[in-house]
Every structure is written in C-alpha cells, then in structure tokens.
Amino acid sequence: MGGNIGQLGIHTSKSLAAEDPFDPVEPPKRPTSNLIMHSMAMLGREFCYAVEAAYVTPVLLSVGLPKSLYSTVWLLSPVLGFLLQPVVGLASDHCQARWGRRRPYILTLGLMMLSGMALYLNGDAVVSALIADPRRKRIWAITITMIGVVVFDFAADFIDGPIKAYLFDVCSHEDKERGLHYHALFTGFGGALGYLLGAIDWAHLEIGRVLGTEFQVMFFFSALVLTLCFIIHLCSIPEAPLRDVTKDTSPQQAPQDFPLPSDKMYQYGSIEKAKNGSVNPELALKGEKNKNPAEQTRKAMTMKSLLRALVNMPPHYRCLCISHFIGWTAFLSNMLFFTDFMGQIVYQGDPYGAHNSTEFLIYERGVEVGCWGLCINSVFSSLYSYFQKPLVSYIGLKGLYFMGYLLFGLGTGFIGLFPNVYSTLALCTLFGVMSSTLYTVPFNLIAKYHREEQEEKRQQAPGGSPDGSGRGQGLACAVLTCMVQLAQILVGGGLGFLVSKAGSVIVVITASALALIGSCFVALFVRYVD
C-alpha cells in the first residue's frame, strides 16, 4: 500500500511539473563554477568558428570550388537556419526526453559541428586516398567540402538558441545575467585562442609532419577542444525532464494527504515544485483530469501554433528582434570583409595580381595583420564582458546597448574614412565591445521580458499557476537567433555585389551607418525592464 501511495505521489508530481512547462519555480543560486562550466560550450563553439574563418577559404580554394558556388555555400546554411530555428525552438520547449529539454538538441548539434569540421578539413585528403581519377576526385572533394561547411555553419549558428534557453531554464534571474557575462567572456577567449592557433605555421613543426597537413592539425585541436568543452557543458547543471504523463489516477486511489519525496519530484529547471513536502491530491487529480500534458504538447507543437506565436509576437519582442538584426548586419558586414579591407585599402595590395608579385605579397601581409585585428577583437570582447556587470549598475542595459552600437559605428566610420594600420588595429577593440554587447544584452532582455510575463500571469490567476499557453524561452531565443541568420543572408547576398563594384571600403562605411542607425533604434524603440 505504501508503495502504491509513493508511486501515486510520483505520478501526480510529474503531472504538476508537466502541467505548465513555461512557469518554473525560481531555481536556486548557482555556484560560479557551474556557470563557468556551462559557458565552456561557447568557448568550444567560438574556437571552431575562428578555425573556420581562418581556413575555410584556403580549403575551398584548394579543392577548386567554382566561383559560381561560393554564394551557395555561404547562403544555404543561414537560409536553413532562418527557416528551421523557430521550429526547433518550439520543439525543445516541449521536449520530454529523460535528459532534459535542451541538452538533447545541444548534443545533436555539437555532433553535427564535429561532423562538419571532419568533412571540410579532411574531405580532400580522404577523397584523394580513395579515388584515383582526377575528374571524379575533384567533384567528390568539392561536394564533401561544401557539405561539411554547410553542416558546420548550420549547427554552429543553430546551437546558440538551445544553449541560451538551457541557461535560462536552470538559473535564477540574477544567475542568468551572470551566466550571459560568462558566455561572452568565454566566447571572446575561444575566438582569440582559435585565431592564435590558426596563425601558427604547423607545417614546420613535428605535429604537422605526423598528422600530415595543417588542415589535419587544426581538425585535431578543434575536435579535442569542442569535445571537451561540450562534455563539461552538458554536465554543468542538471535538467529535470519534462515528463509526458499519460496515466490517469482515480480519486479512490488517492489518500487525503501524502508526502512528496524530495529527491524525485522537481519542477522543470531542477527545482522542487512543493516546498512543504505535501500537496492536495484533489487539486492534483482535478488538474490531471482537466489537462492532459501529452495532448497539450501535441497541440502546441503544430505549425499553426508556431506561426501564430510568431505573428502575434508582442511589440517589444519585435523591436528587440529588429535591433538585433540591425546590429548583426552591421557587425557581419565589417567582420566578413575586414581582412580584405586591410589587404586592399590599408596596405594597398592587389588580391588579383600574380602570386609572386609585390602587390599580391603586400595584400597577403595585410590579410595577416587583419587576422591579428580579429584576435584583438576577441580578446577585448572577453575583457569587456568581464566589466559589463559593474557597468550595468551605473548605466543600465539601455546604456550598455546604446554604447555598444554607438562606439562600433564611430570606430568603423573612422577606419573607413582614415585607413591606417595602427589606428585600425587600435579601433579593433571597439569591435569587441559590439561583439560582447550582441551576445549579452538582447538575451538579457529576453529573460527579463519572460520574467515579467510570468509575473503578470500569476497576478491574473491568483492562487494558481498560469495556463501554460505562453511563449517558451526556447522559442523566444530561437526567434532572436534567427535575426543572425537573416543578417547573414543579407550580407552574403547583397554586400558581395557592393564589394565587387566599390571595394571593401563601402562595406566598412555601410557597417558604420547601420550601427549608428541601430544606436538610435535601441535608444528610442527597445523597451527596457527594471
């Protein structure tokens, strides 16, 4: 009898936890070590991003990719991400895996990143070992390399949303802010580490001779860093699963009052639903009778509900997405063409000259210095992330958001109007301010919006929990991350044409103008929550 009562308590508690997946009880304060472990995913992701930035163009050139396919490679991944990101965000809000809602998606996307790197860094070597015919070898090398780049970009862009939602689910409001700062800190550190390793001439070192080429060396380090970082991340903070409860319990089986075992039953977000160790079974059974969590989940995860959630997005969410889109468009416009700007405009080199000509060698030198500028950006992004928390107490989120856009706009404008090696490298520090701002402030606002919505729902339904029909944090983070993909589509599809017509300087000026427009937008239209 006692075992049946305990089993009944477990089922009822799971039903209560699953009844409203979007209204978790405030989780406990997390130790700094847990937040650092959680941030390791950003270090691994950005490290691999930096390796891709340093090596993907040489890899594509080495396999002989036709120029007509370059736009396909760069546009396919953001287009897929833009279309699928909200769908997966909504699905993760209702995921009932035993391991939690977000971690299964993070693990899957991490494996996709690893697979993509393996294909684009090793595809040519594997194909050369298996195929002798030169024509077939070239076709297969191009195909495998393109698939690898698209898969890696898709997974690396996609994974940011689930990681942020995972942080928001298992942390208190204060820890969310701390966690976002640690995310930005380790993002910059991972990027700097990746750029530094990419600048080493591995061909003349022993490890380069053992592994074959510098591409294989970088795959070895990338796979090692990514695997270790994601293992640490996935083990950082446990998620309580969102159970699919399908069994109904009859009132005859329920005692008037029964204990809830504290080691078994948790509301989603790793926190106990009942603090006093007991629950009214009549209310619990009534909730089970009126609401079937499995049925609610199936209803919520329809394309119609997804489109309704996107169309009916509150105005403050929409304004935040627009500001995020403007910021990422400005940032990517500058970053994707920065090394070319250094080589052509600052150093006055010629990328189309003969490879043994002085003009081409000068251009290559400018590209190398541009890579060091990107490294400076990553290092300063980490440093600025560290000082964001004390800064926000003085100028608030609005001041941080406005300052990030304004400084980036002024810095890129100065670089475009007065190109000089030393001033350009010095102003790369402002790129780090923008990078850190984009990785922290918008997601901080998402967390505040969600908290405000939950407080409003509790006031509207006193004595009970919200109805669970609200927007999940997974979907909110996914929609915000979609703006990055939309910016990539615009930059990849439009700015390449501008560069071919007017040179790289037009891109830097465009980035400056967009950032200054964005600074006005975030000051006037984005809503900030105290």
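Our subject in this report is the structure included herewith. Computed from a predicted model, the values in this text were never measured in an experiment.

### Looking at the overall build of the protein
A tally of regular secondary structure across the protein gives 18 helices and two strands. A sequence separation of at least 24 residues applies to 84% of the contacts in the protein between residues at least 6 apart.

### Side note on the packing of helix α7 (residues 173–198) against helix α15 (residues 358–417)
Remark: α7 packs on α15, axes separated minimally by 8 Å, with the N-to-C direction vectors making an angle of 160°. As summarised for this structure, α7 and α15 are arranged roughly antiparallel, according to the angle between their axes. Handedness of the crossing formed by α7 with α15: left-handed. From α7, Arg 178, His 181, Ala 184, Leu 185, Gly 188, Phe 189, Gly 191, Ala 192, Tyr 195 and Leu 196 reach across to α15, where they touch Trp 372, Leu 374, Cys 375, Ser 378, Val 379, Ser 381, Ser 382, Ser 385, Tyr 386, Gln 388 and Lys 389. Split into classes, the residues belonging to the contact of α7 with α15 amount to 11 nonpolar, eight polar and two charged.

### Quick notes on the environment of Thr 329
The topology assignment puts Thr 329 in helix α13 (residues 315–336). Separated by 159 residues in the primary sequence, Thr 329 and Gln 488 have C-alpha atoms spaced 7.1 Å apart. Filtering out sequence-adjacent residues up to four positions away, Thr 329 remains in contact with Ala 487, Leu 490, Val 491 and Leu 514.

### Points about the packing of helix α4 (residues 103–130) against helix α9 (residues 214–234)
Where α4 meets α9, the axes come as close as 10 Å, and the angle between the chain directions of the two elements is 175°. When the axes of α4 and α9 are compared, the pair comes out roughly antiparallel. Between α4, through Arg 103, Ile 106, Leu 107, Gly 110, Met 113, Leu 114, Met 117, Ala 118, Leu 121, Asn 122 and Ala 125, and α9, the contact on the second element is made entirely by Phe 215, Gln 216, Met 218, Phe 219, Ser 222, Ala 223, Leu 226, Thr 227, Phe 230, His 233 and Leu 234. Its residues assigned to classes, the contact of α4 with α9 shows 15 nonpolar, six polar and one charged.

The rules behind the values
Residues numbered from 1 in each chain as written. Predicted model: local features only at pLDDT ≥ 70, side-chain atom pairs only at ≥ 80, totals over all residues. Heavy atoms only, no water. Helix = DSSP H or I, 4+ residues; strand = E, 2+ residues; numbered from the N terminus. Contact = heavy atoms within 4.5 Å. Axes fitted to C-alpha atoms, helices over the stretch in contact; angles between N-to-C directions. Parallel < 35°, antiparallel > 145°, perpendicular 65-115°, else oblique. Left-handed = near helix turned anticlockwise from the far one by under 90°. Nonpolar A, V, L, I, M, F, W, Y, C, P; charged D, E, K, R; others polar.

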